[in-house]
Amino acid sequence: MARNLWIGKPGLLREISQAARSWDRSPDLNVTEFRSLEGQSTLVAPPLTTRRMKLSFEWLEPEDAQHLVRLARRVSGPGMLGRNTYAGGSVVVLDPVSVNLLDPLQAAGQSRHIRGGDHWFTATGDTTLRPSSGDVFTGDCKDVTSALGWRHGTWTGWPVAPGMNVSWMVPPEWDPALSTAQLDWKALDGSYLSTAMASGTVVSGTAPAEAAFVTPVGRPGATGATALAGACLTIGETPFAYALGDGCPPMAVTGLTDTPAPRLPYRNIGIDLVEVRGAAN
């Protein structure tokens with residue numbers, strides 16, 4: 001994954017090269033325990049967990065500090081990386097630990113939707129998605145030219161910044177002699193820009209100018225059942241099969257501390273973020 005933190009609005013990501021002094025990315029499991037009079041315990045846990053992140057920086061560069069404060073206070077406009085954009089909505093966080101940017105269930109070939117429409121779509125050709133044993137989805141390709149796309153679920157693709165090196169591995173069960181991996185680059189408005197494509201199971205490409213999103217696509221190159229588990233989308237590193245999906249969910253800033261450092265103009269910044277769904281745009 002990217003060695004540095006990238007954070008910002010879609011199309012306005014900024015790289016924070018300074019390492020955080022403290023960093024907590026523990027998820028909120030929301031497990032509730034009930035204990036009976038006899039001493040037996042019953043646990044109630046929701047099917048989904050929420051990602052949380054707390055970052056603290058010391059002696060942060062003024063430009064980086066201003067960027068984080070803008071995100072927290074929902075202030076944008078001319079001068080924010082040179083663009084005039086809407087200040088509300090969610091925040092993109094690409095942290096250095098994430099190995100696979102696919103959703104956790106998506107990376108495992110699973111979905112909570114009966115037809116898997118939240119995680120995959122037919123880009124070209126004729127493919128039917130269906131769950132198989134253990135609720136792991138497979139694709140039934142009826143056309144040898146069929147292409148499957150991986151869907152982010154919130155944005156038109158996975159957020160990127162121009163110049164980023166992105167790597168994509170299709171499910172490892174695909175035949176490398178027949179399959180094709182591709183990355184579709186898209187502008188901030190979702191319009192198509194260009195494609196990076198390679199024969200086999202892995203493709204790497206550099207995000208072009210004006211790129212704000214990338215959509216991973218795969219062509220099995222054969223008809224019949226097609227596995228969907230084990231794919232990997234990563235930035236700055238080599239992808240590997242069956243990597244745990246960390247996801248790239250929309251997040252909102254819930255807390256900010258801004259303390260001038262002893263030596264101005266440096267700042268000590270603390271920022272808290274939580275995964276959201278309702279304020280994604």
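See the structure shown above.
Rules used in this analysis
Residues numbered from 1 in each chain as written. Predicted model: local features only at pLDDT ≥ 70, side-chain atom pairs only at ≥ 80, totals over all residues. Heavy atoms only, no water. Helix = DSSP H or I, 4+ residues; strand = E, 2+ residues; numbered from the N terminus. Rg over C-alpha atoms; globule rule 2.2 N^0.38 Å. Buried < 20%, exposed > 50% of the residue type's maximum accessible area, 1.4 Å probe, protein only. Contact = heavy atoms within 4.5 Å. Areas by Shrake-Rupley, 256 points an atom, 1.4 Å probe, with all protein chains shown as cover. Lys, Arg positive; Asp, Glu negative; His and termini not counted. Charge placed at Lys NZ, Arg CZ, Asp CG, Glu CD. Disulfide = S-S within 2.5 Å. Pairing = 2+ DSSP bridges. Core = buried A, V, L, I, M, F, W, Y, C linked by side-chain atoms within 4.5 Å. Expected span 1.5 Å × (residues − 1). Salt bridge = Lys/Arg side-chain N within 4 Å of Asp/Glu carboxyl O.

Side note on the overall build of the chain
A tally of helices and strands in the chain yields two helices and 21 strands. At 20 Å, the chain has a C-alpha radius of gyration in line with the 19 Å of a compact globule built from 281 residues. A total of 281 residues make up the chain; the buried ones form 46% of that total. Sequence-distant contacts in the chain: of pairs separated by 6 or more residues, those separated by 24 or more amount to 70%. Carbon and sulfur atoms make up 52% of the accessible area of the chain, which amounts to about 13,500 Å² in all. Each charge class in the chain was averaged separately, 23 positive and 26 negative side chains, and the resulting centres sit 6 Å apart.

Re the state of the cysteines
Counting across every chain of the model gives zero disulfides. Cysteine Cys248 remains unbridged, with the sulfur of Cys232 as its closest cysteine sulfur at 13 Å.

A closer look at the pairing of strand β19 (residues 232–235)
Neither face of β19 is open: one carries Cys232 and Thr234, the other Leu233 and Ile235, and all of them are buried. In the sheet, strand β13 (residues 165–169) pairs with β19 via four bridges, with the strands oriented antiparallel. Following the sheet pairing, Ser167 is matched in β19 by Thr234.

Looking at the nonpolar core
By size, the foremost hydrophobic cluster in this structure holds 36 residues, and its most contacted members are Leu94, Trp150, Met164, Trp168 and Leu183. At the level of elements, β7 (92–94), β11 (147–150), β13, β14 (180–186), β17 (213–219) and β19 are the ones that each hand at least two residues to this core. Ranked by the residues each element gives to this core, the list is headed by β14, at three residues. Residues in contact with Met164, not counting those within four places in the same chain, are Trp6, Leu13, Leu94, Gly205, Thr206, Ala207 and Ile235. In terms of nonpolar packing, the next biggest core, distinct from the first, is built from 19 residues, Leu60, Val69, Ile271 and Leu273 among them.

What about helix α1 (residues 62–73)?
Here α1 contains 12 residues, and its C-alpha end-to-end distance of 16 Å stays within 8% of the 16 Å for a straight helix at 1.5 Å per residue. Taken together, the buried positions of α1 are Pro62, Asp64, Ala65, His67, Leu68, Val69, Leu71 and Ala72. Buried residues along α1 sit against β1 (5–9), β2 (12–16), β6 (52–60), β20 (251–260) and β21 (267–275). Two residues or fewer after α1 comes Arg74, characterised by a positive phi angle close to 55°.

Side note on the pairing of β1
The two faces of the sheet receive side chains in turn, since in a regular strand these alternate between them. In terms of residue burial, β1 counts as a mostly covered element, since five of its five residues are buried. As paired elements, β1 and β2 share five bridges and run antiparallel to each other. Counterpart to Ile7 in the pairing with β2 is Arg14. The loop that links β1 with its antiparallel partner β2 comprises two residues; one of these, Gly11, has a positive phi angle of about 85°.

Considerations on the pattern of salt bridges
In total, this model carries eight salt bridges according to the counting rule given. With its nearest N and O atoms 3.6 Å apart, the salt bridge here joins Lys142 to Asp140. A relative accessible area of 44% means that Lys142 is categorised as partly exposed. Note that Arg267 is salt-bridged to Asp258, the shortest N-O span being 2.9 Å. Given a relative accessible area of 35%, Asp258 falls into the partly exposed group. Within the structure, one salt-bridge network assembled from shared partners comprises Arg25, Arg51, Asp95 and Asp246.

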